Amino acid sequence: EDQVTQSPEALRLQEGESSSLNCSYTVSGLRGLFWYRQDPGKGPEFLFTLYSAGEEKEKERLKATLTKKESFLHITAPKPEDSATYLCAVQAAGGYQKVTFGIGTKLQVIP
Amino acid sequence: IAGITQAPTSQILAAGRRMTLRCTQDMRHNAMYWYRQDLGLGLRLIHYSNTAGTTGKGEVPDGYSVSRANTDDFPLTLASAVPSQTSVYFCAPGGNFGNGTRLTVT
């Protein structure tokens with residue numbers, strides 16, 4: 001069974017204090033790993049898709065990396081507007097298009 | 001989210017009643033998904049459709065049904081609502097999420 005574990009569950013950072021969020025996964029053949037951002041009362045907003053170990057993607061202050069067992073979302077010099085819940089999800093190769101989500105990391109950036 | 005309309009945005013429903021949650025997209029994605037999101041459990045797939053005319057069961061399909069008559073619409077129906085179906089429901093055409101329907105079953 002595919003599993004996604006995100007850590008920490010919650011993270012509080014001072015503005016400008018860089019950190020990383022972790023997503024550990026087990027999947028029977030990875031088709032893709034996804035990162036989403038979710039604000040309260042809203043649907044998840046797509047950030048990145050990673051397909052293979054060693055791949056990296058960046059968007060503004062966010063950088064996502066992928067190994068065979070985990071992914072990291074690095075946040076550099078965060079701002080209060082980066083406060084949100086960050087979700088990780090994996091899609092297995094083959095079969096139907098099942099995407100397994102983690103519970104998320106709730107990030108709070110304090111001015 | 002531009003291109004995805006979910007309705008209603010929220011609803012309080014008596015147990016035993018029938019309810020259809022609507023989802024319409026204008027992005028022409030072939031694949032559409034329905035998820036529910038519950039505190040501590042994350043997002044779980046209810047049903048999906050790879051293309052118009054086809055549907056499939058996800059992780060938690062019991063008590064729910066879907067149809068896909070055309071590319072744009074993917075309604076989710078609760079035939080006889082139960083309190084355990086209290087949740088936030090998200091439609092996700094092509095993996096892009098709408099803003100959800102918050103459903104409370106009393």
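Throughout what follows, the structure given in this document is the object of discussion. All of these numbers come straight from a predicted model, not from anything done at the bench.

## As for the interface of chain B and chain A
Then, in step 1: The interface is formed by 19 residues belonging to chain B together with 13 residues belonging to chain A.
Then, in step 2: When chain B packs against chain A, close to 1300 Å² is buried across both sides, 53% of that on carbon and sulfur atoms.
Then, in step 3: Summed over the shared surface of chain B and chain A, the number is zero salt bridges.
Then, in step 4: The interface formed by chain B and chain A includes three residue pairs in polar contact (both at pLDDT 80 or more).
Then, in step 5: Contributions of two or more residues to the side of chain B that touches chain A are made by β4 (32-38) and β5 (42-49) of chain B.
Then, in step 6: For the side of chain B that touches chain A, a count of residues per class yields nine nonpolar, eight polar and two charged.

## Topic: the sheet that holds strand β3 (residues 19-26) of chain A
All names here are of chain A.
Then, in step 1: Pairing within the open sheet is antiparallel, and its five strands lie in the order β1-β3-β8-β7-β6. In the strand order of this sheet, the two ends are held by β1 (3-7) and β6 (56-59), each with one partner. With direction set aside, neighbouring strand axes in the sheet form an average angle of 15 degrees.
Then, in step 2: Two elements, β3 and strand β8 (residues 70-75), share six bridges in a ladder whose sense is antiparallel. When the sheet's bridge partners are listed, Ser24 is paired in β8 with Glu70.

## Side note on the side chain of B:Arg44
Residue and element names in this part refer to chain B.
Then, in step 1: With respect to the helices and strands, the residue Arg44 is situated in strand β5.
Then, in step 2: Looking at Arg44, its side chain comes within polar contact range of the side chain of Asp38, at 3.0 Å.
Then, in step 3: Residue contacts for Arg44: discarding those within four places in its chain leaves Trp34, Tyr35, Arg36, Asp38, Glu59 and Val60.

Definitions and limits used
- Residues numbered from 1 in each chain as written.
- Chains lettered and ligands numbered in written order.
- Predicted model: local features only at pLDDT ≥ 70, side-chain atom pairs only at ≥ 80, totals over all residues.
- Heavy atoms only, no water.
- Contact = heavy atoms within 4.5 Å.
- Buried area = accessible area lost by both parts, 1.4 Å probe.
- Salt bridge = Lys/Arg side-chain N within 4 Å of Asp/Glu carboxyl O.
- Polar contact = N/O pair within 3.5 Å; in protein donor to acceptor, adjacent residues only side chain to side chain.
- Helix = DSSP H or I, 4+ residues; strand = E, 2+ residues; numbered from the N terminus.
- Nonpolar A, V, L, I, M, F, W, Y, C, P; charged D, E, K, R; others polar.
- Pairing = 2+ DSSP bridges.
- Axes fitted to C-alpha atoms, helices over the stretch in contact; angles between N-to-C directions.

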